[in-house]
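Observations on the model geometry
What follows is the residue order along each chain.
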Number of protein chains: 2
Amino acid sequence: MKKPPPKPELDPKSDPGIDLTIDRTLELPMYLQICQRFKTAIEQGHLHAGDRVPAVRALATELNLARGTVEMAYRILTDEGYLQVRGAAGTVVSPHLPQPAVHKPQATVPSHSISAALDHDGRAPKPLQLGLPALDAFPRKVWNRIVGHRLRSSEPMRLGYPHPAGYDQLRERIATYLGVSRGVVCLPEQVFVTTGLRNTLELTLSSLSIVGNEFWFEDPGYILARPFLQNAAVKLVPVPVDEHGLIVEEGKRLSPYAKFALVTPSHQSPLGVTLSLERRMALLDWASNAGSWIIEDDYDSEFRYQGRPLPALKSLDRNDRVIYAGTFSKVMFPGLRLAYVVAPLSAVARFQAVSSNLNAGSPYLFQASVADFMAEGHFSRHLKKMRMLYAERRAITQRVFQQELGDRIRINLQPGGMHMLAQLADDENDVLLDERARAVGLAMHPLSRWYIDAKPRQGLLMGFANVTDEREAMRLAKKLKEVFG
Amino acid sequence: MKKPPPKPELDPKSDPGIDLTIDRTLELPMYLQICQRFKTAIEQGHLHAGDRVPAVRALATELNLARGTVEMAYRILTDEGYLQVRGAAGTVVSPHLPQPAVHKPQATVPSHSISAALDHDGRAPKPLQLGLPALDAFPRKVWNRIVGHRLRSSEPMRLGYPHPAGYDQLRERIATYLGVSRGVVCLPEQVFVTTGLRNTLELTLSSLSIVGNEFWFEDPGYILARPFLQNAAVKLVPVPVDEHGLIVEEGKRLSPYAKFALVTPSHQSPLGVTLSLERRMALLDWASNAGSWIIEDDYDSEFRYQGRPLPALKSLDRNDRVIYAGTFSKVMFPGLRLAYVVAPLSAVARFQAVSSNLNAGSPYLFQASVADFMAEGHFSRHLKKMRMLYAERRAITQRVFQQELGDRIRINLQPGGMHMLAQLADDENDVLLDERARAVGLAMHPLSRWYIDAKPRQGLLMGFANVTDEREAMRLAKKLKEVFG
């Protein structure tokens, strides 16, 4: 086969079809961005088989990148069959382009993973981001003093493997706190310290071996739990939610013998409603009769602004059917990576064996420091302070947004939590609005995405914990106005 | 049915068949120990249907336990059908005892989980324990200064969610270190920070979606990886190991198209041998031809006492087939819970998406502190110091043990690592010896347990990193002599 004659080098600046600009704010590494641009240009016909691509050095200068970055991109493109190195003739687009269906590993990667969509990405918090407590209001001085003290005073053995079930003193503090504040009576031995809800679910599912079983999941329900549960090979049964929380009767109709139900009784995720007492009793009855387990995700129950805090569902559990899941991410800060689960009495030994094999265990330093933070009374003081602060920020945000955005949104405040739901008219498109909001730097989330089978309502979920004052609320409202156009 | 007349209360002290003593050093919570004792007594016929058991208060006093603990045990025993509450007549052994096969959740729990067997349990390190660096020699002052500094100087946003792939500065430091010390050339974007080997395997397996595929596993091989891999629904193919490491030809014969191979080339776990250059090339060739992935677990390659450190297998990898796994547990300390994996170039985007969904992310504070520890040169200084210290401790331990235990053991020193293998004659029983060793407080591990299909050799694996001096070695040798009897 005769090789085509070398073509002149492609000049990305002069060809309007080829966009090689690099977005330095994207999570995707720059060399992968280069790969994608080249693939797109090839697939869309802006680059053809045999076209010569810029020399590494030239492109690196052009894009103001290190040579290594461009080299890496070219190496991948060559490995994947998009480019061909021809020595002195330079590098050209391969005459035998790979079949897109076979050779496009990039194509199977979701461009925005769900976590990334919730902005749990280690960057500066974005306005209205969900799930983030008021980081400015955390008592860092007190915390630093406590951590510093534990750091200096701990023995060398504390450098060793942490206990897989958690540090004793922390397990005791959590058990006491749950008894006093959430009406959950449990032994410290029932408390297992985890790194987050995912780790909690992993421990729970492995301990109670429910693979292959049916699993009630609120619809709409906590979006971050979905990928894990789907990978965990359980059969998700979406159960609709109304203004009284999970519709237990629907669950019983759809899947009477499901082995599990994951619920958010205090503050439904994402709708914010509270599971009614009647539904609570019905849910517990069902679990007792069907021999099923209920996982109560009590993620932000600590924040309640109207009336008295409701005790946990677990506090009504007479038959050891409820697994209680809590976290320090919202009441302290997410960077701790500390959460916990209360195992059923009858399954403590299994949780213990499984937690050993999960081989996790969180660093001693933070566990011990949280235990001290609780023991010295800072924890309850901080909670009390945050309840007042959030009540204020919530009221300001709602008032300003409602007033500025008029009839485009309706915010009905729910009694608790750290986020609010701005309902939209049915003919609005929350996904589209969210995309526009991201473009102006806001990090809300479209409600419709949280639905599985139920008819999605249109709305925007907004975290208000970091809306510091009226001025900030006004600034954000102005941005939202742009978004609504 | 007529109820049997109430019997007098059982007195645990006077009945020789009933052992209710509680072992406060066991990991099993005390109320579960009580449950087990009762069940054993019932199953062995020391307690019969209708027998009255001690009142809660009496038993609590007797065992010097809180009443709540005994109450909890009775509640479980009642729930499980072993006891029956008869109000004023007291609590009795149930006349309808549960079928052991159906009602014994305890029976399915391994009495010693594997991690517990390796003593990763958050308690004080035990003599000869495996996998534990010299905790006494870690530069805690320097470390505490660095952590303290990061603690005080970090911005509030650092309290937020950590980046799921790891803290940028740490990823950069790791990439540089691997290039300089292990011959592994990689981009920081290829480095993913994890919490340990299990998390590394989870990320890798999910990213490369190999569920259901065959998986080469060294036989004998790293015992802590086994339960995870078995649960991960891969088909483990045990491939024998000889003095040159994994027998690649055997692997090709047993499972030519396995999707994965997990190997420990620098210092085979547990035999301590090094994978020969010939085998390395054969393994890489196989992976390239079969389109398979090699996971290189380079867990303690940093410690090498004879000759120059071998570069990593990954350094020979021309076709992007090797996934490199390292950890800070051995070179710094296990309580950090920090490890890392170098993703193949072609799979970086997938690793990134999966790490977001795993929703892990380690606390910023430790990641940033390790980055500083490396940047300030403490890391390489510490490594150098430990290499010399371990060489010494290793020599002392071997000499003293060999001399004191004469021909019962043979310790052939391997060139690297933190543990040694005391080989035993074929007619010895390493499991039995290990049990006796545990009884006198030693925490070795029996080699035969690490085998799957291959004919197990008898031996004892001993961590020498914490054998501080000749006197300590002699003390341990004396204990070992008792064990050998």
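Residues numbered from 1 in each chain as written. Chains lettered and ligands numbered in written order. Predicted model: local features only at pLDDT ≥ 70, side-chain atom pairs only at ≥ 80, totals over all residues. Heavy atoms only, no water.

**Details of the overall build of chain A**
For clarity, the cut-off: Only DSSP runs of H or I reaching four residues or more are called helices, and only runs of E reaching two or more are called strands; each is numbered from the N terminus. Only protein chains enter the calculation, and the probe is 1.4 Å; a residue is then buried if its accessible area is under 20% of its type maximum, exposed if over 50%, and partly exposed in between. We call two residues in contact when some of their heavy atoms are within 4.5 Å. Only the protein chains shown count as cover for residues, and all accessible areas are computed by the Shrake-Rupley method using a 1.4 Å probe.
When its secondary structure is counted, chain A shows 16 helices and 14 strands. Counting the 485 residues in chain A, one finds 58% classified as buried. Considering only contacts within chain A whose residues lie at least 6 apart along the sequence, 71% involve residues at least 24 apart. Within the structure as shown, chain A displays about 19,800 Å² of accessible surface, and the carbon and sulfur contribution to it stands at 52%.

**Examining the side chain of D317 of chain A**
Of note, D317 of chain A is situated in the loop between β8 (293–297) and β9 (322–327). Those residues in contact with D317 of chain A that sit more than four places away from it in its chain are L284 and V322 of chain A.

**Things to note about the confidence of the model for chain A**
Residues and elements named next belong to chain A. What counts is decided by this rule: Residue-level confidence of the predictor, termed pLDDT, takes values from 0 up to 100.
When pLDDT is averaged across chain A, the result is 86; 87% of the residues are at 70 or more. Note that pLDDT drops below 50 for residues 1–6; the model gives that stretch three contacts with residues more than four away or on any other chain. Taken as a whole, residues 100–114 scores under 50 in pLDDT and shows 23 contacts with residues more than four places along the chain or in a different chain. Scoring the predicted complex yields pTM 0.78 and, for the interface, ipTM 0.76.

**Points about the packing of helix α14 (residues 378–405) of chain A against helix α16 (residues 470–484) of chain A**
Pairs of packed helices are described in terms of their axes, by the angle between the two and the distance that separates them. Residue and element names in this part refer to chain A. We apply this condition: Axis definition: a line fitted to C-alpha atoms, limited for helices to the stretch in contact. Angles are taken between N-to-C directions and run from 0 to 180 degrees. Crossing handedness is read from the near helix: turned anticlockwise from the far helix by less than a right angle, it gives a left-handed crossing, and turned clockwise, a right-handed one. Throughout, the ten residues Ala, Val, Leu, Ile, Met, Phe, Trp, Tyr, Cys and Pro are labelled nonpolar, Asp, Glu, Lys and Arg are labelled charged, and all others, Gly among them, are labelled polar.
Close contact between α14 and α16 brings their axes to 9 Å; oriented N to C, the two are set at 35°. As for how α14 packs across α16, the hand of that crossing is right-handed. Contact residues: I396, T397, R399, V400, F401, Q403, E404 and L405 in α14; E470, A473, M474, L476, A477, L480, K481 and F484 in α16. For the contact of α14 with α16, a count of residues per class yields ten nonpolar, two polar and four charged.

**With respect to the environment of M462 of chain A**
Residues and elements named next belong to chain A. Within the fold, M462 resides in strand β14 (residues 459–463). C-alpha separation for the pair M462 and M418, spaced 44 residues apart in sequence, amounts to 8.6 Å. Sequence-distant contacts of M462, defined by excluding residues within four places in its chain, comprise L128, L130, F401, M418, H419, M420, A422, M444 and L480.

**Brief notes about the nonpolar core**
For clarity, the threshold we go by: Residues enter a nonpolar core if they are buried and are Ala, Val, Leu, Ile, Met, Phe, Trp, Tyr or Cys, with the set joined through side-chain atoms within 4.5 Å.
Counting 144 residues, the largest nonpolar core has F328 and F401 of chain A together with F328 and F401 of chain B as the members making the most contacts within it. Beyond its immediate sequence surroundings of up to four residues, F401 of chain A is in contact with L128, G406, I409, I411, M462, A473, L476, A477 and L480 of chain A.

**Considerations on helix α6 (residues 140–153) of chain A**
Here is the rule we go by: For a helix, the expected span equals 1.5 Å multiplied by the number of residues minus one.
Taking 1.5 Å per residue as the helical rise, α6 of chain A with its 14 residues ought to reach 20 Å, and the 20 Å between its terminal C-alpha atoms agrees with that figure. The secondary structure elements touched by the buried residues of α6 of chain A are α7 (168–182), α13 (364–375) and α14 of chain A together with α6 (140–153) and α13 (364–375) of chain B.

**Digging into helix α8 (residues 197–207) of chain A**
Residue and element names in this part refer to chain A. Buried residues dominate α8, accounting for nine of its eleven residues. Every buried residue belonging to α8 is among R198, N199, T200, L201, E202, L203, T204, L205 and S207, and all of these are buried. Just past α8, the residue S209 takes up positive phi, approximately 30°.

**Some points on the sheet that holds strand β11 (residues 409–411) of chain B**
Through backbone hydrogen bonds, the strands of a sheet pair up, either in parallel or in antiparallel fashion. All names here are of chain B. Filter applied, for reference: A strand pair is defined by DSSP finding two or more bridges across the two strands.
Taken in spatial order, the four strands of this open sheet run β11-β12-β14-β13, and their pairing is antiparallel. Of all the strands in the sheet, the pair left with one neighbour each is β11 and β13 (445–446). Of the strand pairs in this sheet, β13 and strand β14 (residues 459–463) are connected by two bridges, and their pairing is antiparallel. Bridge pairing links H445 to L461 in β14. Contacting β11, β12 (419–424) and β14, helix α14 (residues 378–405) crosses the sheet at an angle of about 155° to β11.

**Some points on the side chain of D320 of chain A**
Residue and element names in this part refer to chain A. The cut-off we apply is this: When charges are tallied, Lys and Arg are placed among the positive residues and Asp and Glu among the negative ones, while His and the ends of the chain are skipped. One speaks of a salt bridge when a side-chain nitrogen belonging to Lys or Arg is within 4 Å of a carboxyl oxygen belonging to Asp or Glu. Think of a polar contact as two N or O atoms within 3.5 Å of one another; within protein, one of them needs to be a possible hydrogen donor and the other a possible acceptor, and neighboring residues in sequence only count if both atoms come from side chains.
The residue D320 is located in the loop between β8 and β9 in this model. Within the buried core, D320 has no salt-bridge partner, and the shortest N-O distance to an opposite charge, that of K314, equals 4.2 Å. A polar contact is formed between the side chain of D320 and the backbone nitrogen of L345, at a distance of 2.9 Å. Within the local environment of D320, its side chain forms a polar contact with the backbone nitrogen of S346, the two atoms lying 3.0 Å apart. Apart from the residues within four sequence positions on either side, D320 is in contact with W293, K314, P344, L345 and S346.

**Let's talk about the pairing of strand β10 (residues 339–342) of chain B**
All names here are of chain B. Here β10 shows a buried face lined by A339 and V341 and a second buried face lined by Y340 and V342. Summarising the sheet, strand β9 (residues 322–327) and β10 pair through four bridges and their orientation is antiparallel. Counterpart to Y324 in the pairing with β10 is V342.

**Thoughts on the sheet that holds strand β7 (residues 260–263) of chain A**
Spatially, β3-β10-β9-β8-β7-β4-β5-β6 (chain A) is the arrangement adopted by the eight strands of the open sheet, whose pairing is mixed. For this open sheet the edge positions go to β3 (191–194) and β6 (245–246) of chain A, each flanked by a neighbour on one side alone.

**Some details on the pattern of salt bridges**
Under the defined criterion, the tally for this structure stands at 30 salt bridges over all chains. Between R253 of chain B and E250 of chain B there is a salt bridge, and its shortest N-O distance comes to 3.0 Å. Highlighted residues: R253 of chain B and E250 of chain B, both in helix α10 (residues 248–254), separated by three residues, approximately one helical turn. Via salt bridges that share partners, R198 and E202 of chain A together with R198 and E202 of chain B belong to a single interconnected network.

**Side note on the packing of aromatic side chains**
All names here are of chain B. Applied cut-off: Aromatic pairing here means that ring centres of Phe, Tyr or Trp (its six-membered ring) are within 6.5 Å. Orientation follows from the plane angle: under 30 degrees is stacked, over 60 is edge-to-face, and everything else is tilted.
For the structure on display, the rule yields 35 aromatic pairs over all chains. On the basis of an interplanar angle of 25° and a centroid distance of 5.8 Å, the ring pair of F138 and F373 is categorised as stacked. With F138 in the loop between α5 (114–117) and α6 and F373 in helix α13, the pair connects residues that are 235 residues apart, well separated along the chain. Judged by its relative accessible area of 0%, F373 falls in the buried class.

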